[in-house]
Amino acid sequence: MRLGLGVSRSSSLVTDPRRYTIVASTSTAIPSGRPTTVTIGKRWGEYQGANNWDGLLDPLDDALRSEILRYGEFARVAYTCFDFDHSSPSYGTCRFPKRSLLRGAGIPDTGYCVTRNLTATSGARLPRWAEPSTPAWFSRCTSWIGYVAECQDEDEIERLGRRDIVISFRGTATCLEWLENLRATLTHLPSVAVPAALGSDAAEPMVERGFWSLFTSSSSTRGSLRDQIRQEIRRLIDKYGGRGNPLSLTVTGHSLGAALAVLTAHDITTAFQDAPMVTVVSFGGPRVGNASFRRRLEESGIKVLRIVNTQDVITKVPGFVVEDQSVAEDKENGSIPSWLLSKTGWVYADIGRELRLPGQRTANVVACHDLSVYLNLVNQLSANCPLRSLAIRAAASQKQG
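Analysis parameters
- Residues numbered from 1 in each chain as written.
- Predicted model: local features only at pLDDT ≥ 70, side-chain atom pairs only at ≥ 80, totals over all residues.
- Heavy atoms only, no water.
- 1 Å grid on protein atoms, 1.4 Å probe; cavity = no way out; pocket = protein on both sides within 12 Å on 5 of 7 lines; lining within 4 Å.
- Points joined across faces, edges and corners; volume = space filled by probe spheres on them.
- Helix = DSSP H or I, 4+ residues; strand = E, 2+ residues; numbered from the N terminus.
- Nonpolar A, V, L, I, M, F, W, Y, C, P; charged D, E, K, R; others polar.
- Phe/Tyr/Trp six-rings, centres within 6.5 Å; stacked < 30°, edge-to-face > 60°.
- Buried < 20%, exposed > 50% of the residue type's maximum accessible area, 1.4 Å probe, protein only.
- Lys NZ or Arg CZ within 6 Å of the ring centre and 35° of its normal.
- Salt bridge = Lys/Arg side-chain N within 4 Å of Asp/Glu carboxyl O.

1. Describing empty space enclosed by the protein
Moving on, step 1. The full count for this structure, using the stated rule, is three cavities of 30 Å³ or more.
Moving on, step 2. By volume, the largest cavity is sized at about 100 Å³.
Moving on, step 3. In terms of residue count, helix α8 (residues 256-271) provides more of the lining of the largest cavity than any other element does, three residues in total.
Moving on, step 4. Its residues assigned to classes, the lining of the largest cavity shows eight nonpolar, two polar and three charged.

In structure tokens form, the structure reads like this:
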């Protein structure tokens, strides 16, 4: 049944246990300053996804809404701090010193302190014939892409119920990053064995080639993004793990940053046996890997809250999805084993628990993908959302009729 309300007449109220849709317009602006916060305390594990956010998404719990907005602000900072000016000698770097990064980006009162800047290096290169005539900014291989921050304020630690470490990534900004996005076939994760119980035909864990390249490539002067994160997380675990307050790791990002957040979470739980609880809060993220990769994430205990605007085409690419079926039906050629389809390198899986936020349908693809639109939609949702109540009443009346 299709149910249209307000400005989103083609949207529907979905009750799939993995996907929740709540209709909202985008007319309300996000309040300036720090989002309203509530005490999380001993329920922090629940809000970090310990129970897969059961009972918190439909309707959206106000405390969870506040936390999503808070992490969305950390993702926004990764854009604000990036120097987009091609004519500047500092293009591709962070605009603010590490010690004042959050203050310079407009959120001085978070209780967090940035402990490390992060850079990513592209493994893609321009053709040699194009290099002589290409501006230096166009072929820049390594750029600032995010940061690590730890909660140091005792009042905020008490409110959150634990000491939280945030890793935040921006989306695509440089030309070579765009080239990496286009390398959309799947590639195998290194040194990953498929459990014998899954059978010899089971697909091995695979991830998008371009995302993996940005995560693992290094230059002569900079280590890979993966190595930078490992070094900093190892230091922070050694500093805080098993001492005093519980420790959590929250990885957030938008667009490309959402994909890197998933790869980061996987790598942390793979590299560190003593890793704390790892949660991903992603906005407008594309698909990252296949069903086997999703299974590995779930088995490792990683919790992923994937926030999706249903009008955003980026969340529907790359590749296509075959949902947990041993065969795929083809009307002309009969049944095709899913393991055989996986050999094409284009069979992906949607990862994590989804909170679906359809706004106004528009032909402007960029507007649908904008992080501010995502935060606007989330900002309007609450346990007392009048549009949700209206939807339920309308659905009930249609059933009766």
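2. Looking at the packing of aromatic side chains
Moving on, step 1. What the rule picks out here adds up to five aromatic pairs.
Moving on, step 2. Centre to centre, the rings of Tyr-71 and Phe-74 are 6.2 Å apart; their planes meet at 40 degrees, and the pair counts as tilted. Separated by three residues within a single helix, Tyr-71 and Phe-74 lie in helix α2 (residues 62-80), roughly one turn from each other. For the pair shown, Tyr-71 and Phe-74 are each scored as buried.
Moving on, step 3. Here the aromatic rings of Phe-82 and Tyr-91 are separated by 6.2 Å at their centres, their planes lie at 70 degrees, and the arrangement is edge-to-face.
Moving on, step 4. Taken together, Tyr-71, Phe-74 and Tyr-112 form an aromatic cluster joined through their ring pairs.
Moving on, step 5. Directly above the ring of Tyr-71 sits Arg-70, whose terminal nitrogen or CZ lies 4.6 Å from the centroid.
Moving on, step 6. The cationic tip of Arg-170 hangs over the ring face of Phe-82; the distance from NZ or CZ to the ring centre is 4.2 Å.

3. Details of the pattern of salt bridges
Moving on, step 1. By the definition in use, this model includes 20 salt bridges.
Moving on, step 2. One salt bridge in this structure joins Glu-156 and Arg-70, with 3.9 Å as the shortest N-O distance. Here Arg-70 lies in helix α2 and Glu-156 lies in helix α4 (residues 154-160), a separation of 86 residues in the sequence. Across the pair, Arg-70 and Glu-156 agree in class, each one buried.
Moving on, step 3. Two residues, Arg-162 and Asp-164, come together in a salt bridge whose shortest N-O distance is 3.7 Å. The same class applies to Arg-162 and to Asp-164, which are both buried.
Moving on, step 4. Overlapping salt bridges bring together Arg-287, Arg-306, Asp-350, Glu-354 and Arg-356 as one network.

Scope: geometric values only; no functional claims are made or implied.
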